[in-house]
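# What the coordinates show
For reference, the chains in residue letters:
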Amino acid sequence: MIAFSHAALAVSPAASRALLAARRRVPAAAPIRQSRLPAVVPHASSAAIPPEPASNSSVPVPSVSRLRIGFYFGLWYLFNVIFNVLNKSTLNLWAFPWTLSLVQLGVGSSYCALLWILNLRKRPNVTWGLLRAMVLPVLGHLAGHVLTCVSFSHVAISFAHIVKSAEPAFGAVGAALATGEVYPLGVYASLIPVIVGVALSAVSELTFTWWGFVTAMLSNVAFAARNIFTKITMKDYKKDETLTAQNMYGLTSIMAFLFELPMAMIADRGIPSLAATRLASTAPSTVLTYLVASACFYHLYNETSYLALAEVSPITFSVANTFKRV
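It should be emphasised that the depicted structure is a prediction, and the values quoted were computed from it without experimental measurement.

Residues Trp 210, Trp 211, Val 214, Leu 218 and Val 221 make up a contiguous nonpolar surface patch of roughly 530 Å² in combined accessible area. Inspection of the secondary structure puts Val 214 in helix H9 (residues 210-233).

Across all of its chains, the model carries eleven aromatic pairs by this definition. Aromatic pair Phe 73 and Trp 76: ring centres 5.4 Å apart, planes at 85°, arrangement edge-to-face. Of this pair, Phe 73 and Trp 76 are both found in helix H2 (residues 64-93), three residues apart, which corresponds to roughly one turn of the helix. With a relative accessible area of 14%, Phe 73 lands in the buried category.

Once that is clear, we can look at helix H3 (residues 97-117). Spanning 21 residues, H3 covers 30 Å between terminal C-alpha atoms, matching the ideal 30 Å at 1.5 Å per step. A positive phi of about 60° marks Asn 119, the residue just after H3.

Turning our attention to the pattern of salt bridges. All chains considered together, the criterion is met by one salt bridge. Between Glu 303 and Arg 121 there is a salt bridge whose closest N-O contact spans 3.3 Å. Here Glu 303 is found in helix H11 (residues 284-309), whereas its partner Arg 121 is found in the loop between H3 and helix H4 (128-152), with 182 residues between them in sequence. Accessibility assignment for this pair places Glu 303 and Arg 121 in one class, buried.

The rules behind these values
- Residues numbered from 1 in each chain as written.
- Predicted model: local features only at pLDDT ≥ 70, side-chain atom pairs only at ≥ 80, totals over all residues.
- Heavy atoms only, no water.
- Patch = residues over 30% accessible without salt bridge, like charges linked within 9 Å, V, L, I, M, F, W, Y side chains within 5 Å.
- Areas by Shrake-Rupley, 256 points an atom, 1.4 Å probe, with all protein chains shown as cover.
- Salt bridge = Lys/Arg side-chain N within 4 Å of Asp/Glu carboxyl O.
- Helix = DSSP H or I, 4+ residues; strand = E, 2+ residues; numbered from the N terminus.
- Phe/Tyr/Trp six-rings, centres within 6.5 Å; stacked < 30°, edge-to-face > 60°.
- Buried < 20%, exposed > 50% of the residue type's maximum accessible area, 1.4 Å probe, protein only.
- Expected span 1.5 Å × (residues − 1).

So, in structure tokens, the structure goes:
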């Protein structure tokens, strides 16, 4: 065994050379062909990105902004209809439009002040600069409201709304004069049928009175001016998060109430009695009920209108105001 091992070791170099020669004559195995497609190596950040869901472009999805504007306009229309009925009913029983408008502003002012005191609504950041900037919009709002109540006390509510449907015309002219905002010719042409309709209605209206017609028309001027002044004087306060539409209307109501208080006292010769009704059979409690109800819905419809005005242009707001009267 030992001898065989020595023999194997003795011939091992020759055997090794023979094995190498034999290997050179045998062809090497073909290498495994690699795929021509590059290997996909997942990126570290791609694993955290979920695949985008497939979208159906054929189905239009309204934006949140449009839904919000539609919601504000719907509430505005609803509250305004209820307010108009209550407002006219109150004036039929109790013919003091100045005091009526004052009470409506006072109820809204008290409501907003109570919310601020109880911290149920974020308090506005009130400065002297803000109050100065609000003077013109507040005066426009006050004049429009008082003139509307005066008009309702002299003519039928349907005729007053027909006259007030001409507000977009005043808004378009006022925007062009005050801000230089000019709209396409088609916008102005669309206002012509409204103006013609107002003129024809005035000719054929059985309850027509010049005082009712003039006050309704002047209310158009006042509200159009309010919308334009709001866009002009309040532009520096848009970034203040405390000056929301609800807070802006609350401040407007308080300022308008304080402005109107002495004027209403003069116009109605003091504080009218609830018993001073047009019909002797009407109880003072009935007048009080209509008075408070009309004041509540007046505030609700105006607060939602301010929410809508904050989302659209003055002329768009005026056009929407016209559709509200149809």
